[in-house]
Amino acid sequence: MWKRGLITAACCGLSLALSGCAQPLQDRIDRAALRALFGVPAGAELVAYQGYPPMVGFGQREGLRLRAVYGLSQAEAEAFLRQARDGGWQPLPIGADLIRHIPFQEIPAPLDRTQGLFLCRTAGDQVLHPASTADCLAVRRLNDLIFGVYDSAERRVWISVQAGY
């Protein structure tokens, strides 16, 4: 009897490993990658999060869309600002030419903010773990998007990573 349970558990584990990560585990992995990619301090409060697709199988993330909102304390905001400028974040407001250039709809970030910073990068592939990125306006066509808005009055960071492939 115990052998059947052990075999069943092993088969379930193997099936999960081959078909993809369970959503709670994938969400944890993705949230850690977002924090690293955007330089969000480890202690920042996660206010909202949405991840799609919910599972990964064989490394595929077609239609990847990750969105998060973080609230920062005063100390976290200061730490974030110190590294953000070196990380490619630029002063708000976002120019109309950039907004027109972004082909993705429904970016859940306030595009009309005027106090703070924004980031708009593209990787071409491996958008969540890019080897290198380019400014969104430096490329003719965006296949993916690494986008963030930091509102210094609210001390909030809205971030979005999307793949158009």
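Preceding this section is the structure that the text describes.
Residues numbered from 1 in each chain as written. Predicted model: local features only at pLDDT ≥ 70, side-chain atom pairs only at ≥ 80, totals over all residues. Heavy atoms only, no water.

Draft legend 1. Expanded view of the overall build of the protein. When helices and strands are counted, the protein shows 4 helices and 7 strands. Of the regular secondary structure in the protein, the N- to C-terminal order runs α-α-β-β-α-β-α-β-β-β-β. Each of the 165 residues in the protein was classed as buried or not, and the buried ones make up 39%. In the protein, the share of contacts with a sequence separation of at least 24, taken over all contacts with a separation of at least 6, comes to 66%. If you sum the accessible surface of the protein, you get close to 9400 Å²; carbon and sulfur atoms cover 55% of it. (Helix = DSSP H or I, 4+ residues; strand = E, 2+ residues; numbered from the N terminus. Buried < 20%, exposed > 50% of the residue type's maximum accessible area, 1.4 Å probe, protein only. Contact = heavy atoms within 4.5 Å. Areas by Shrake-Rupley, 256 points an atom, 1.4 Å probe, with all protein chains shown as cover.)

Draft legend 2. Molecular detail of the pattern of salt bridges. Under the counting rule described, the total for this entry stands at 3 salt bridges. Arg-113 is paired through a salt bridge with Asp-151; the nearest N and O atoms lie 2.6 Å apart. Taken together, the residues Arg-113 in the loop between helix H4 (96–101) and strand E4 (116–122) and Asp-151 in strand E6 (residues 144–151) connect sequence positions 38 residues apart. By relative accessible area, Asp-151 is classed as buried at 6%. Here Glu-154 and Arg-113 are joined by a salt bridge, their closest N and O atoms 2.8 Å apart. One end of the pair, Glu-154, is in the loop between E6 and strand E7 (156–163); the other, Arg-113, is in the loop between H4 and E4, with 41 residues separating them in the sequence. On the basis of relative accessibility, which here comes to 22%, the residue Arg-113 falls in the partly exposed class. Connected via shared salt-bridge partners are Asp-112, Arg-113, Asp-151 and Glu-154. (Salt bridge = Lys/Arg side-chain N within 4 Å of Asp/Glu carboxyl O.)

Draft legend 3. Geometry of unusual backbone geometry. That bond from Leu-92 to Pro-93 is cis: its omega, 10°, falls within 30 degrees of zero. Positionally, Pro-93 belongs in the loop between strand E3 (90–91) and H4. For Arg-155, which is not a glycine, the phi torsion comes out positive at approximately 55°. Following the sequence through the fold, Arg-155 ends up in the loop between E6 and E7.

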